[in-house]
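Residue-level structural notes
The residues making up each chain are set out below.
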Amino acid sequence: MRQELQSLPKTLAEDVAKNLVMVARLIDEDPEGAYGYSKVALRLASRVAAVREAAGFAAYANQKYAEALAEFRAARRMTGTVDLWPLMADCERGLGRPEKALDMAGAPEVHKLDKAGQVEMRLVAAGARRDMGQLDAAIVTLQSPELASHSVQPWTARLRYAYGDALLAAGRNGEAREWFAKAVEADRDGSTDASDRLAELDGVEFVDALDETADGADADAVAAKPVGVGQDDDAAHRADDDEHDSDDQDAEDAADAEDAEEDADEADDADDADVKDLDDEGRGER
């Protein structure tokens with residue numbers, strides 16, 4: 001890449017390089033951010049193969065398969081290499097054209113790929129078979145010397161995982177479990193979720209300790225109670241509740257009595273007023 005950028009003016013080359021570095025840094029954790037930087041680099045230097053390739057990877061990571069395919073094709077035309085052939089075939093899958101991906105898997109370009117590229121092409125071809133509902137053919141496609149090898153290579157975990165996943169889709173759960181376990185052994189950098197799939201097959205459920213801390217503490221407290229302690233505590237609580245209810249009832253009765261007394265006073269006052277009015281009227285008549 002550095003050699004390609006040397007064809008650009010120094011300041012421009014530095015700007016392009018900064019954007020390409022950000023693409024590489026963000027593409028796994030923030031694909032959208034990486035895509036944004038790739039578009040900037042593309043505007044600055046669209047005739048640089050490394051820029052077109054980076055733009056293709058960023059588009060691919062964001063599932064923009066038509067755009068990724070166009071960028072990969074452009075990069076291939078500029079460099080003349082076949083390294084991007086498996087990714088181009090996988091873009092065809094993403095565009096809903098698995099038959100085209102299979103045609104590419106049988107093309108002469110595949111023989112020019114290194115071992116890693118050929119394994120990647122095998123994975124794409126198996127995926128295309130599955131897209132077409134051909135599970136048995138997908139399983140056969142993945143069966144290879146690389147799958148049977150006991151040595152661990154960068155592609156080993158993904159190849160074993162794909163094989164286990166295809167077996168599981170075909171209902172061959174026992175074999176699938178075996179290959180997920182083998183994938184776990186080879187997956188040193190956690191590139192797959194083989195351990196989760198294995199646990200799922202074994203019926204293991206993972207609980208979020210942070211969410212369950214309070215409930216777990218309550219359960220532990222209940223489990224730690226001696227026999228009879230819970231019953232005594234419950235009886236004491238019930239007695240306290242009864243006492244509170246009794247106090248509440250007494251208070252309510254007292255309030256009712258006080259209200260009745262106030263009503264009686266008001267009635268007496270009203271009667272006195274009526275008597276006074278009658279007296280006044282009598283005096284007026286006299």
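So, here's what we can say about the structure. Computed from a predicted structure; not experimentally measured.

1. Concerning the environment of Lys18
You can see Lys18 is positioned in helix α2 (residues 10–26). A relative accessible area of 56% means that Lys18 is categorised as exposed.

2. Re the packing of helix α12 (residues 173–186) against helix α13 (residues 194–201)
Between α12 and α13, the least distance of the axes is 8 Å, while the angle of their chain directions is 145°. Where α12 crosses over α13, the handedness of that crossing is left-handed. Here Asn173, Ala176, Arg177, Phe180, Ala181, Ala183 and Val184 of α12 lie close against α13, whose contacting residues are Ala194, Ser195, Arg197, Leu198 and Leu201.

3. What about helix α11 (residues 156–169)?
For α11, spanning 14 residues, the distance from its first C-alpha to its last is 20 Å, which sits close to the expected 20 Å at 1.5 Å a residue. Most of α11 sits inside the fold, with 10 of its 14 residues counted as buried. The set of residues buried in α11 consists of Thr156, Ala157, Leu159, Arg160, Tyr161, Tyr163, Gly164, Asp165, Ala166 and Leu167. Looking at the buried positions of α11, the neighbouring elements they touch are α8 (115–131), α9 (135–142), α10 (145–148), α12 and α13. Just downstream of α11 lies Gly171, where phi reads positive at about 85°.

4. Concerning the pattern of salt bridges
Applying the stated criterion across every chain, the model contains 14 salt bridges. Residue Glu175 pairs with Arg172 through a salt bridge whose shortest N-O separation is 2.8 Å. Looking at Arg172, the relative accessible area reads 31%, which means it is partly exposed.

5. A few points about a negative patch on the surface
A grouping of Asp28, Glu29, Asp30 and Glu32 is seen on the molecular surface, where their side chains present a negatively charged patch. Tracing the backbone shows Glu29 in the loop between α2 and α3 (31–44).

6. Some thoughts on the nonpolar core
Counting residues in each nonpolar core, the largest one holds 42 residues, and the members touching the most others are Val51 and Trp85. Look past the residues within four positions of Trp85 in its chain and what remains in contact with it is Arg76, Met104, Ala107, Glu109, Val110, Leu113 and Met121. Of all hydrophobic cores here, the second largest spans 20 residues; its members include Ala126, Ala138, Phe180 and Ala181.

7. Concerning the side chain of Glu109
Here Glu109 shows up in the loop between α7 (98–105) and α8. Apart from residues lying up to four places away in sequence, Glu109 is in contact with Arg76, Val82 and Trp85.

8. Structural notes on α13
Burial in α13 covers these residues: Ala194, Arg197, Leu198 and Ala199. Tucked into the core, α13 has its buried residues touching α11 and α12. Gly203, located one to two residues past α13, shows a positive phi value of around 80°.

9. Topic: the side chain of Glu92
Relative to the assigned elements, Glu92 resides in helix α6 (residues 85–94). The buried category is assigned to Glu92, whose relative accessible area is 2%. Leave out the neighbours within four places in its chain, and Glu92 touches Leu69, Arg73, Arg97, Pro98, Lys100, Ala101 and Met104.

10. Some thoughts on the packing of aromatic side chains
Tallying each qualifying case throughout the model produces four aromatic pairs. Aromatic side chains Tyr163 and Trp179 sit 5.1 Å apart centroid to centroid with 90° between the ring planes, which places their arrangement in the edge-to-face category. With Tyr163 in helix α11 and Trp179 in helix α12, the pair connects residues that are 16 residues apart, well separated along the chain. With respect to class, Tyr163 is no different from Trp179; both count as buried. The residue whose ring lies beneath Lys64 is Tyr35, and the NZ or CZ to ring-centre distance is 5.2 Å. One Lys or Arg, Lys182, reaches over the ring of Trp179 and ends 4.0 Å from the middle of that ring.

Conventions used here
Residues numbered from 1 in each chain as written. Predicted model: local features only at pLDDT ≥ 70, side-chain atom pairs only at ≥ 80, totals over all residues. Heavy atoms only, no water. Helix = DSSP H or I, 4+ residues; strand = E, 2+ residues; numbered from the N terminus. Buried < 20%, exposed > 50% of the residue type's maximum accessible area, 1.4 Å probe, protein only. Axes fitted to C-alpha atoms, helices over the stretch in contact; angles between N-to-C directions. Left-handed = near helix turned anticlockwise from the far one by under 90°. Contact = heavy atoms within 4.5 Å. Expected span 1.5 Å × (residues − 1). Salt bridge = Lys/Arg side-chain N within 4 Å of Asp/Glu carboxyl O. Patch = residues over 30% accessible without salt bridge, like charges linked within 9 Å, V, L, I, M, F, W, Y side chains within 5 Å. Areas by Shrake-Rupley, 256 points an atom, 1.4 Å probe, with all protein chains shown as cover. Lys, Arg positive; Asp, Glu negative; His and termini not counted. Charge placed at Lys NZ, Arg CZ, Asp CG, Glu CD. Core = buried A, V, L, I, M, F, W, Y, C linked by side-chain atoms within 4.5 Å. Phe/Tyr/Trp six-rings, centres within 6.5 Å; stacked < 30°, edge-to-face > 60°. Lys NZ or Arg CZ within 6 Å of the ring centre and 35° of its normal.

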